[in-house]
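What follows is each chain in one-letter form.
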Amino acid sequence: MEAYLEYLKEHNPEMAKYFELMQPMMGKNEVEEGKEIPRIDLEVEERIKKLKKINHKLFAMIENLKLQLEFELNQNDDLAKAIGACTECFGEDNECSACFGTGKPGNGIPDFILFNKYIQPAIQKYNKHYFNKN
Ligand SMILES: [Zn+2]
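All values reported here derive from a predicted model rather than from experimental measurement. (Residues numbered from 1 in each chain as written. Predicted model: local features only at pLDDT ≥ 70, side-chain atom pairs only at ≥ 80, totals over all residues.)

## Here we look at the overall build of the protein
The helix and strand inventory of the protein stands at 4 helices and 0 strands. Going residue by residue from the N terminus, the α and β elements of the protein occur as α-α-α-α. Residue pairs in contact within the protein that sit at least 24 positions apart in sequence constitute 26% of those at least 6 positions apart. (Helix = DSSP H or I, 4+ residues; strand = E, 2+ residues; numbered from the N terminus. Contact = placed C-beta atoms within 7 Å.)

Right, here's the structure in full:
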């Protein structure tokens, strides 16, 4: 069996890498059990590689989603501040730990800069569309 493995290693360098990876496990089993060695299936190795790639992609997706969530939470906070609303619930949650449902738009003083960034253009468009004013 050893001679056959050596032959494979010599004639198939790609396989040799796998044998090197499996060697410690194979040797351990041989010593402990002293009987037929259960071989790690190369398909299992391939599956592990594929799963690691998928895992890597999923972690990258999670990182992107975290960044997107952080951006959108900041934008949500800015919009709430622009209209003087609770940043946690916009006054729509009576059990909100920040405002107990009192933080509706206009409850607080709208942030000057954020109001002019988000709300003023909307008011202009609103008036032009519904009342034909400037
Ligand atoms: Zn609230």
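## Notes on helix H4 (residues 112–131)
Look at H4: only 25 Å from first C-alpha to last across 20 residues, short of the 28 Å you get at 1.5 Å a residue. Isoleucine 119 marks the point of greatest bend in H4, at about 40°, and the proline proline 121 comes within the next four residues. Of all 20 residues making up H4, only 0 are buried, and the element is barely covered by its neighbours. (Expected span 1.5 Å × (residues − 1). Bend = angle between axes of the 7 residues up to and from the residue. Buried ≥ 20, exposed ≤ 12 C-beta atoms within 10 Å, placed from the backbone.)

## Considering the UniProt feature "coiled-coil region" (unreviewed entry) in the protein
Listed under "coiled-coil region" (unreviewed entry) in the UniProt record, and renumbered for this structure, are residues 48–82. End-to-end, the C-alpha atoms of residues 48–82 are 50 Å apart, and along that stretch the chain is 100% helix and 0% strand. (UniProt positions renumbered as here; feature names shortened; annotations may be inferred.)

## Quick look at the environment of phenylalanine 115
Mapped onto the fold, phenylalanine 115 is located in helix H4. For phenylalanine 115, a count of 16 C-beta atoms within 10 Å puts it in the partly exposed group. When sequence neighbours within four positions are dropped, the list of residues in contact with phenylalanine 115 reads Ala82, Pro110 and Gln120.

## Topic: the nonpolar core
Counting residues in each nonpolar core, the largest one holds 5 residues, listed as Ala80, Ala85, Cys86, Cys89 and Cys99. The contact partners of cysteine 99, leaving out residues within four places of it in the chain, are Cys86, Glu88, Cys89 and Gly91. (Core = buried A, V, L, I, M, F, W, Y, C linked by C-beta atoms within 7 Å.)

## Focus on the packing of helix H3 (residues 42–82) against H4
In the contact formed by H3 and H4, the axes pass within 8 Å of each other and the chain directions differ by 100°. Classified by the angle their axes make, H3 and H4 are roughly perpendicular. Across the interface between the two elements, Asp78, Leu79, Lys81 and Ala82 of H3 pack against Leu114, Phe115, Lys117, Tyr118 and Ile119 of H4. (Axes fitted to C-alpha atoms, helices over the stretch in contact; angles between N-to-C directions. Parallel < 35°, antiparallel > 145°, perpendicular 65-115°, else oblique.)

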